[in-house]
Amino acid sequence: MELEEKTKYGEPRKYDPTFKGPLQKRGCTDIVCCILFIIAILCYIGVGILAWSQGDPRKVIYPTDSRGQFCGQAGTPLEKKPLLFYFNIMKCASPMVLLEFQCPTTQMCVEKCPEKFMTLIKAYSNRKDFDYYKSFCKEGVTNSMAVTEILKSGLCPAMLTPSKPFTRRCFPALGKKGGMITVGNSSHFDDGTGKMRDAKDLVDGVKNATVVIEARQVVMKIFEDYTRSWYWILIGLVLATVLSLIFIVLLRFLAGIMVWIMVALVIIVIGYGIFHCYMEYAALKGTPGADVTLQDLGFQTDFTVYLQIRQTWLAFMIILAIVEVIIILLLIFLRKRILIAIALIKEASKAIGHVMCSLLYPLFTFLLLAIVIAYWATTAVFLSTSNEPIYKVFNDTACEHSRKTCDPANYTTTAMKAQCPDSECLFAFYGGETVYHKYLIGLQFYNVFLFFWCANFVTALGQMTLAGAFASYYWAFVKPDDMPSFPIFSSLGRSLRYHTGTLAFGSLILSIIQIIRVLLEYLDHKLKGAHNKCTRFLMCCLKCCFWCLEKCIKFLNRNAYIMVAIYGKNFCTSARDAFFLLMRNMIRVAVLDKVTDFLLFLGKLLIVGLVGVFAFFFFSGRVKAFEDTAPHLHYYWVPILTVVVGSYLIAHGFFSVYAMCVDTLFLCFLEDLERNDGSPERPYLMPESLRKVLNKKNKNAAAQ
């Protein structure tokens, strides 16, 4: 039965006395995909050049007035006018604002916001006031013009209200006094037509004009927190780096002890987290407002509010308790298999000790990924800002030309202006009708797809490079004498010279699956309101299937790259050989590979937990010794979350080398079992510690 099973998944490897590890004589693989990848990169560069020639990031940075000009842009006449002023903020209360993202009122750039109440009629009677008022009017207003002429021409607003600048825009300085909405310490104001209005009438206009104001305010506060705490964040990340290095060095000499200490510390850290959550939960008992549910509270921009709710700490406590129970159960059932995994980790530590520059390789991968991300982000910004300004007709009364496109340069002489005398041609949004603008969404899609392809290619290059270096260690009969002088550089050279096409092929398959997942998420977001139970179920099934498929492809790619690094065959052949090798040793795969991954994950969890706990006590001010040292922040969770995420990425960078080493040694170990039998002619190359655990012996060693 076992023989039939092995035949089903291909023939086991035969003994080859000439095999000494990664083959030096090899040819180029998957040439067609290599050519396709080069063409795609050249087209990607072309898209970037096109985007940079058409785009204008100033559209994101500066507010735009009704003429499509940028407020406060250096080197322009509006350089000293950085703020955007709305002629009639109450028109922003129109529901159309939420659809078109533009208030149907004249907007102009000003040097500073209005500081006092004033109507045009009252200001006109006082020379000094009128001179002040004209700073909020269009060009061309003179003292000889009548008020009616000025208002009819739309040259000035009918009134000014005390305003404050926020996100480079002037908004009424609303407040509360005795439970009533006020503006400029008054609950009423003259709207410029002689009619007194309540200050609360401005609220709807301000709300719609500031659809994203609260979000921007949060972003500004987060930015301020980063400026105050960046050096402490760097210290936390350096601490994570030092801890990761110390941990790896200790694994080199004390793998068994370190693994058990790591397991115990992870359980203790999570246990403390459960205890802390319970203490916070108990401390809030009886506190007014602490029993409000998260559902009733809804979304709040001030995230510290959630920490004042008992249900938040209860949720944290339950999540940590579930994680704790899962880890303990896994340790109970896998206690014997952990011993085998420890032997594999010891050998991985020795391999990394002989290839120390492998620990620095993640920095090279990170640099390449940073370049890919920067190019994608820059191209995306330029593409999204490469539209042309679109002007539309806005009016107060009924008009058949309302919301039609117009040209502000000659609008006053058009038939639309003649038929709708009170209408104006104002800047609405950025768009375009040219061929370039019609295919802009396609260029954005291509930008995203090439981002996935390039990022996966960089990751694959790192995996194949490390696999080649560690495979040369395993198959060296005398270590390190039989190893190349610079195993990392030798492996990197082979990967780029012979297997660029293979790397592109594997990363292309993965990118296609990832872009399908992105499209599914996009469709799910767009059709959220139109979903019924059946379509929602189908969408969930599709998303789940493609998530599983992505994980499977990543696993197969990883092992395929190891086989390519050793034998130099094409992607499909290597993927098949790796899959069959794993299937012929399915039990060992479950025993060694996954348990080792679990232990390395606990190592990352430990480093993140230690640094995260330290960051929490430091930035939250819970420890009196740090009260004067810690920076004063709007949201103390900002640096904590940054340190935690950064620590995980740093630990993941170091441990990914370990994981790749373990996976490579594991495949080599399986091939070793098939190629050799422990006889003097065919001795096992696996370390003695692994031979003892698996009850394997080299007969020549036994004879001695």
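Residues numbered from 1 in each chain as written. Predicted model: local features only at pLDDT ≥ 70, side-chain atom pairs only at ≥ 80, totals over all residues. Heavy atoms only, no water.

Enquirer: Honestly, the overall build of the chain in this entry has me stumped. Any pointers?
Expert: A count of helices and strands for the chain gives 24 helices and 12 strands. For the chain, the proportion of its 704 residues judged to be buried stands at 46%. Long-range contacts, defined as pairs at least 24 residues apart, comprise 71% of the intrachain contacts of the chain with a sequence gap of at least 6. For the chain, the accessible surface area stands at approximately 36800 Å², while carbon and sulfur atoms represent 65% of it. (Helix = DSSP H or I, 4+ residues; strand = E, 2+ residues; numbered from the N terminus. Buried < 20%, exposed > 50% of the residue type's maximum accessible area, 1.4 Å probe, protein only. Contact = heavy atoms within 4.5 Å. Areas by Shrake-Rupley, 256 points an atom, 1.4 Å probe, with all protein chains shown as cover.)

Enquirer: What am I meant to see in the pattern of salt bridges here?
Expert: Opposite charge on two side chains makes pairing possible when the charged atoms of those side chains draw close. Across all of its chains, the model carries 8 salt bridges by this definition. The partner of Asp663 in a salt bridge is Arg558, with the nearest N and O atoms 2.5 Å apart. Taken as a pair, Asp663 in helix α22 (residues 637-675) and Arg558 in helix α19 (residues 533-567) lie far apart in primary sequence, 105 residues in all. We note that Asp663, like Arg558, is buried. (Salt bridge = Lys/Arg side-chain N within 4 Å of Asp/Glu carboxyl O.)

Enquirer: Before we go on, may I ask you to explain the confidence of the model for the chain in this structure?
Expert: Low pLDDT means the predicted atomic positions in that stretch should not be read closely. Of all residues in the chain, 79% have pLDDT values of 70 or greater, and the mean over the chain is 77. For the chain, per-element mean pLDDT is lowest for helix α4 (residues 96-100), which scores 40, and highest for helix α2 (residues 31-54), which scores 92. Ignoring residues within four places in sequence, the model shows residues 1-5, a span with pLDDT below 50, making 0 contacts including any to other chains. In the predicted structure, residues 94-101 sits below a pLDDT of 50 and forms 14 contacts with residues beyond four places in sequence or in another chain. (pLDDT = per-residue confidence, 0-100.)

Enquirer: Would you mind going over the state of the cysteines with me for this structure?
Expert: Structurally, a disulfide amounts to a covalent bond that connects the sulfur atoms of two cysteines. Inspection of every chain in the model, using the stated rule, returns 3 disulfides. Bridging Cys71 to Cys109, the disulfide has an S-S length of 2.0 Å. Between Cys71 and Cys109 the disulfide shows an S-S torsion of about -75 degrees. By sign, it is left-handed. Remark: Cys109 occurs in strand β2 (residues 107-110) and Cys71 occurs in the loop between α3 (58-61) and β1 (83-86); sequence separation between them is 38 residues. The burial state of Cys71 is the same as that of Cys109; both residues are buried. Across the disulfide from Cys137 sits Cys156; the S-S distance is 2.0 Å. Here the S-S torsion is close to 120 degrees, and the disulfide linking Cys137 with Cys156 is therefore right-handed. Of this pair, Cys137 sits in the loop between α6 (127-133) and α7 (147-152) while Cys156 is found in the loop between α7 and β4 (159-160), placing the two residues 19 residues apart along the sequence. This pair shows no difference in class: Cys137 is buried, exactly as Cys156 is. (Disulfide = S-S within 2.5 Å.)

Enquirer: Would you mind going over the pairing of β1 with me for this structure?
Expert: Residues in a regular strand project their side chains so that they alternate between the two faces of the sheet. Taking every second residue as pointing to the same face, both faces of β1 are buried, with Leu83 and Phe85 on one and Leu84 and Tyr86 on the other. Both β1 and β2 contribute to a ladder of 4 bridges, which runs antiparallel. Bridged to Leu84 within β2 is Cys109. (Pairing = 2+ DSSP bridges.)

Enquirer: Hey, could you run me through the environment of Ile562 in this one?
Expert: Tracing the backbone shows Ile562 in helix α19. The residues touching Ile562, leaving out its near neighbours within four places in the chain, are Ala467, Met660, Asp663, Thr664 and Leu667.

Enquirer: Looking at this structure, I do not really get the environment of Gln308. What am I missing?
Expert: Of note, Gln308 is situated in the loop between α10 (294-297) and α11 (310-333). What makes Gln308 partly exposed here is its relative accessible area of 48%. Sequence-wise, Gln308 and Tyr281 are 27 residues apart; in three dimensions their C-alpha atoms are separated by 9.3 Å. Contact partners of Gln308, with chain neighbours within four places excluded, come to Leu284 and Ala290.

Enquirer: I keep staring at the packing of helix α16 (residues 440-474) against α22 and nothing clicks. Help me out?
Expert: Helix-helix packing is characterised by the crossing angle of the two axes and by the distance between the axes. Relative to each other, α16 and α22 sit at 50 degrees, their axes nearing to 9 Å. On the basis of their axis angle, the class for α16 and α22 is oblique. Of the two elements, α16 crosses α22, and the hand of that crossing is right-handed. Judged by residue contacts, Gln463, Leu466, Ala467, Phe470, Ala471, Tyr473 and Tyr474 of α16 engage Val657, Met660, Cys661, Thr664, Leu665, Cys668, Phe669 and Asp672 from α22. Its residues assigned to classes, the contact of α16 with α22 shows 12 nonpolar, 2 polar and 1 charged. (Axes fitted to C-alpha atoms, helices over the stretch in contact; angles between N-to-C directions. Parallel < 35°, antiparallel > 145°, perpendicular 65-115°, else oblique. Left-handed = near helix turned anticlockwise from the far one by under 90°. Nonpolar A, V, L, I, M, F, W, Y, C, P; charged D, E, K, R; others polar.)

Enquirer: Whenever I open this one, helix α13 (residues 361-384) confuses me. Can you help?
Expert: Residues that lie three or four places apart on an α-helix share one face, since the helix turns once every 3.6 residues. For α13, built from 24 residues, the straight-helix expectation of 34 Å at 1.5 Å per residue is met to within 8% by its first-to-last C-alpha distance of 35 Å. Those residues of α13 that sit buried are Tyr361, Pro362, Thr365, Val372, Thr379, Ala380, Phe382 and Leu383. (Expected span 1.5 Å × (residues − 1).)

Enquirer: Help me understand the side chain of His499, please; the structure alone is not making it clear to me.
Expert: If you trace the backbone, His499 turns up in the loop between α17 (487-498) and α18 (500-526). Leaving out residues up to four positions away in the same chain, His499 has contacts with Arg26, Gly27, Thr29, Met464, Arg494, Val564 and Gly568.

Enquirer: Mind showing me how you'd approach the side chain of Asn447 here?
Expert: Looking at the element boundaries, Asn447 is found in helix α16. For Asn447, the residues in contact, after removing those within four places along its chain, are Tyr44, Trp376, Thr379, Ala380 and Leu383.

Enquirer: Looking at this model, I keep getting lost on the packing of aromatic side chains. Mind explaining?
Expert: Aromatic ring pairs: the centre-centre distance and the angle between the two ring planes describe each pair. According to the stated counting rule, one finds 25 aromatic pairs in the structure shown. Ring geometry for Tyr132 and Phe136: centres 5.6 Å apart, planes at 70 degrees, overall edge-to-face. Phe136 gets classed as buried once you look at its relative accessible area, which sits at 1%. Taking the centre distance of 6.1 Å and the plane angle of 50 degrees together, the rings of Phe579 and Phe580 count as tilted. Three or more aromatic residues joined by ring pairs form one cluster here, namely Phe37, Phe449, Trp453 and Phe457. The ring of Tyr132 is capped by Lys116, whose NZ or CZ atom sits 5.0 Å from the centre of that ring. Positioned above the aromatic ring of Tyr281, the side-chain terminus of Arg310 is 4.0 Å from the ring centre. (Phe/Tyr/Trp six-rings, centres within 6.5 Å; stacked < 30°, edge-to-face > 60°. Lys NZ or Arg CZ within 6 Å of the ring centre and 35° of its normal.)

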